[in-house]
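If you want the building blocks of each chain, they are given just below.
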Amino acid sequence: MKKIITLLFAAMLCLSAVAYASDNAAKELAAFGIFSGEDTSAPLTREEAALWLCRAMGLDSEYDRCIFADTETGSRAANAAMALWELGVISGDGGNFRPGQTISYTEFAAMLVNALNYRDMATAYGGYPAGYVRAAGRLGLLKGAATAGKLTVAQGARMLANALDTKLLDSD
């Protein structure tokens, strides 16, 4: 399963490399069906970030359970959270996912670093949070996005577009 997801993500990276060169990341992500027209100045929620990443990775699963106490089983948020949790992209926060809460740039950077299989790099740099921020910076994920506080939709779109231009580390 991991190899299939890795191949899908790699294919998406190859096909989208040219498209993500401009500064209008939200429109570009919308063209690929990842972004669905949210207000770009609004804060990016943890649910939206998870849904975007699932779309980018080609994940479309439904789960009849959810390990996160604050997320309703069968909801879009639960399905996205479970798909990412199973791949080790997210771990939750004390048994909660906090889907409606605004995601910080640090949290989204960690999700992207994990999705790209650079967890070992982040760990070598000191782990969460500083090691993930440093790894995200080295990978170019933070280019053009705010590097402190809560993310807006536009800044999150920029980070995801940067991730789609980043080499996926082989997990074997």
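Residues numbered from 1 in each chain as written. Predicted model: local features only at pLDDT ≥ 70, side-chain atom pairs only at ≥ 80, totals over all residues. Heavy atoms only, no water.

Trainee: Would you take a moment to explain the overall build of the protein chain for this structure?
Mentor: The secondary structure content of the protein chain amounts to 8 helices and 0 strands. Its helices and strands in sequence order give the protein chain the pattern α-α-α-α-α-α-α-α, from N to C terminus. Burial status across the protein chain gives 49% buried among its 172 residues. Taking contacts inside the protein chain between residues at least 6 apart in sequence as the whole, the part at least 24 apart equals 64%. Total accessible area on the protein chain stands at roughly 8200 Å², and carbon and sulfur atoms take up 54% of it. (Helix = DSSP H or I, 4+ residues; strand = E, 2+ residues; numbered from the N terminus. Buried < 20%, exposed > 50% of the residue type's maximum accessible area, 1.4 Å probe, protein only. Contact = heavy atoms within 4.5 Å. Areas by Shrake-Rupley, 256 points an atom, 1.4 Å probe, with all protein chains shown as cover.)

Trainee: Looking at this structure, how should I read the nonpolar core?
Mentor: When a protein is soluble and globular, its nonpolar side chains tend to lie buried together. One finds Leu53, Leu84, Phe108, Met111, Val113 and Leu160 to be the most contacted residues of the largest nonpolar core, which totals 58 residues. Looking at this core, the elements that each hand over two or more residues are helix 2 (25-31), helix 3 (46-57), helix 4 (76-86), helix 5 (105-115), helix 7 (130-139) and helix 8 (153-164). Discounting residues that sit within four places of it in the chain, Leu84 has contacts with Ala50, Leu53, Cys54, Met57, Leu59, Val89, Ile90 and Met111. (Core = buried A, V, L, I, M, F, W, Y, C linked by side-chain atoms within 4.5 Å.)

Trainee: Can you walk me through the side chain of Asn114 in this structure?
Mentor: Looking at the element boundaries, Asn114 is found in helix 5. On the basis of relative accessibility, which here comes to 9%, the residue Asn114 falls in the buried class. Residue contacts for Asn114: discarding those within four places in its chain leaves Gly88, Val89, Arg119 and Tyr132.

Trainee: What am I meant to see in the confidence of the model for the protein chain here?
Mentor: Close inspection of predicted coordinates is inappropriate in any region flagged by low pLDDT. Confidence along the protein chain averages 86 in pLDDT terms, with 85% of residues attaining 70 or more. Per-residue pLDDT stays below 50 along residues 14-23; that stretch engages in 17 contacts with residues further than four places along the chain or on separate chains. (pLDDT = per-residue confidence, 0-100.)

Trainee: In this structure, what is going on with helix 3? I would like to understand it.
Mentor: Because each turn of an α-helix spans 3.6 residues, side chains separated by three or four positions in sequence point in the same direction. Taking 1.5 Å per residue as the helical rise, helix 3 with its 12 residues ought to reach 16 Å, and the 16 Å between its terminal C-alpha atoms agrees with that figure. Most of helix 3 sits out of view: 10 of its 12 residues are buried. Buried within helix 3 are the following residues: Arg46, Glu48, Ala49, Ala50, Leu51, Trp52, Leu53, Cys54, Ala56 and Met57. Gly58 sits one or two residues past helix 3 and shows a positive phi near 75°. (Expected span 1.5 Å × (residues − 1).)

Trainee: Would you explain the pattern of salt bridges in this entry?
Mentor: Opposite charge on two side chains makes pairing possible when the charged atoms of those side chains draw close. Evaluated as defined, the whole model comprises 5 salt bridges. With a shortest N-O distance of 3.7 Å, Glu47 and Arg76 are connected by a salt bridge. With Glu47 in helix 3 and Arg76 in helix 4, this residue pair connects regions lying 29 residues apart in the sequence. Judged by its relative accessible area of 22%, Glu47 is partly exposed. Residue classification places Arg76 among the exposed positions, given a relative accessible area of 54%. Between Glu86 and Arg65 there is a salt bridge, and its shortest N-O distance comes to 3.9 Å. One end of the pair, Glu86, is in helix 4; the other, Arg65, is in the loop between helix 3 and helix 4, with 21 residues separating them in the sequence. A relative accessible area of 45% places Glu86 in the partly exposed class. Linked by salt bridges that have partners in common, Arg46, Asp93, Arg98 and Glu107 make up one network. (Salt bridge = Lys/Arg side-chain N within 4 Å of Asp/Glu carboxyl O.)

Trainee: Teacher, can you tell me more about helix 5 here?
Mentor: For helix 5, the buried fraction is high: 11 of the 11 residues fall into the buried class. Considered for burial, the residues of helix 5 that qualify are Tyr105, Thr106, Glu107, Phe108, Ala109, Ala110, Met111, Leu112, Val113, Asn114 and Ala115. In the segment just after helix 5, Asn117 is the residue with positive phi, at about 70°.

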